[in-house]
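# Observations on chain architecture
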Amino acid sequence: MPQAIPIIRTVNDLRAQVANWKAQGHSVGLVPTMGALHDGHLSLVETLTKHAGKIIVSIFVNPTQFAAHEDLDTYPRTEIEDCAKLTRVGADMAYIPAASEIYPEGFASTLHIGGPSQGLESDSRPHFFDGVAIVVHKLFQQSQADVAIFGEKDYQQLLVIKKMVRDLDIPITIVAGAIMREADGLAMSSRNAYLTPENRIIAGRLNGILKQMATSDLPPLQAEAEAVVALEAAGFTAIDYATIRDAETLALPDATTQARRALIVARIGDIRLLDNMAAK
Ligand code: AMP
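Presented here is a report on the structure given in the accompanying data block. If you're wondering where the values come from, they're calculated on a predicted model, not measured in any experiment.

### Description of the site of the ligand
Surveying the vicinity of the ligand reveals 16 residues, the closest of which are M34, G151, D154, M180 and M188. H41 places a polar side-chain atom, nitrogen or oxygen, 3.0 Å from an oxygen atom of the ligand. In the model, a nitrogen atom of the ligand is placed 2.8 Å from a nitrogen or oxygen of the M188 main chain. For the ligand, whose accessible area on its own is 490 Å², the fraction buried by protein is 92%. Looking at the shell around the ligand, the elements that each hand over two or more residues are β2 (28–33), α2 (39–48) and β5 (147–151). The greatest single-element share of the shell around the ligand, amounting to three residues, is contributed by α2. Class assignment for the residues of the shell around the ligand results in nine nonpolar, five polar and two charged.

Listed below in structure tokens is the structure:
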């Protein structure tokens, strides 16, 4: 049995351990998560070991990225199981701060990143990227990591973090992690645990519809309209977006676009399912 992963809960202890590692010549990698870890999260740990000597996985369910009506209180919290998984994949530290370590009494700051944060997720969740930006910026500052990894599963989030690092000159390298999927193509997500067996079957149809849109020979608007029809027929109750965008900026593609990304967010009841992939 490998030794259980050390759990650190304060910024002071985090900084002391990181300083120690750096003094020994190790580079330090950070995997920010909200816990309820699945194989997608664990694949980020594995990928990051190619880029850093010591790996910190942070687990923090960040209140500022949830709106009042969202699932902050019911979001799955599974610290013991999470730490057992992290031990198995050989991560070096779990950083699990109390809310007061991230948002001390009287906390009064905000951080808005422009550019790729416009539209898409922001249309449904206007609070979301400001909450993500502030917590990720704080985790970068607290950990002083050299490199951090974010999943392509949350593609817009990945672009917002890259933009934050560029715009604010943060000395950290951002690595993108590939999307891990279930056998039927459903992107793994902590929120998949909310799906009933019937809804899980509907959810499994999302990836095929996305693939069709991403590889379609039709003009983008037509491919998108076809995807919406297919999603409705598959049992999704609302479609937040089904769209093909510039893969770098998320602007609508034009003649100058180098690479495209197909993105869909569809709902079953109040469960939102996200997926995306490179498009033709
Ligand atoms: P979360 O805990 O949902 O905030 O996610 C933490 C990190 O894991 C983010 O960078 C996500 O993009 C990434 N992630 C979530 N699901 C997957 C997946 N299925 N495959 C790869 N990375 C993922």
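Back to the text.
### Examining helix α7 (residues 155–167)
With 13 residues, α7 should cover 18 Å at 1.5 Å per step; its first-to-last C-alpha distance of 18 Å lies within 8% of that length. All of the buried residues along α7 are Y155, Q156, Q157, L158, L159, V160, I161, M164 and V165. Just beyond α7, the residue with positive phi is D169, at close to 55°.

### Brief notes about the sheet that holds strand β7 (residues 238–246)
If you trace the three strands from one edge of the open sheet to the other, you get β7-β8-β9, paired in antiparallel fashion. On the outer flanks of this sheet lie β7 and β9 (271–279), each paired with one strand and no other. Averaged over all pairs of adjacent strands, the angle between their axes in this sheet comes to 10°, without regard to strand direction. Where helix α9 (residues 206–215) meets the sheet, it contacts β7, β8 (260–268) and β9, and its direction lies at approximately 35° from that of β9.

Scoring rules and cut-offs
Residues numbered from 1 in each chain as written. Predicted model: local features only at pLDDT ≥ 70, side-chain atom pairs only at ≥ 80, totals over all residues. Heavy atoms only, no water. Near = heavy atom within 4 Å. Polar contact = N/O pair within 3.5 Å; in protein donor to acceptor, adjacent residues only side chain to side chain. Areas by Shrake-Rupley, 256 points an atom, 1.4 Å probe, with all protein chains shown as cover. Helix = DSSP H or I, 4+ residues; strand = E, 2+ residues; numbered from the N terminus. Nonpolar A, V, L, I, M, F, W, Y, C, P; charged D, E, K, R; others polar. Expected span 1.5 Å × (residues − 1). Buried < 20%, exposed > 50% of the residue type's maximum accessible area, 1.4 Å probe, protein only. Pairing = 2+ DSSP bridges. Axes fitted to C-alpha atoms, helices over the stretch in contact; angles between N-to-C directions. Contact = heavy atoms within 4.5 Å.

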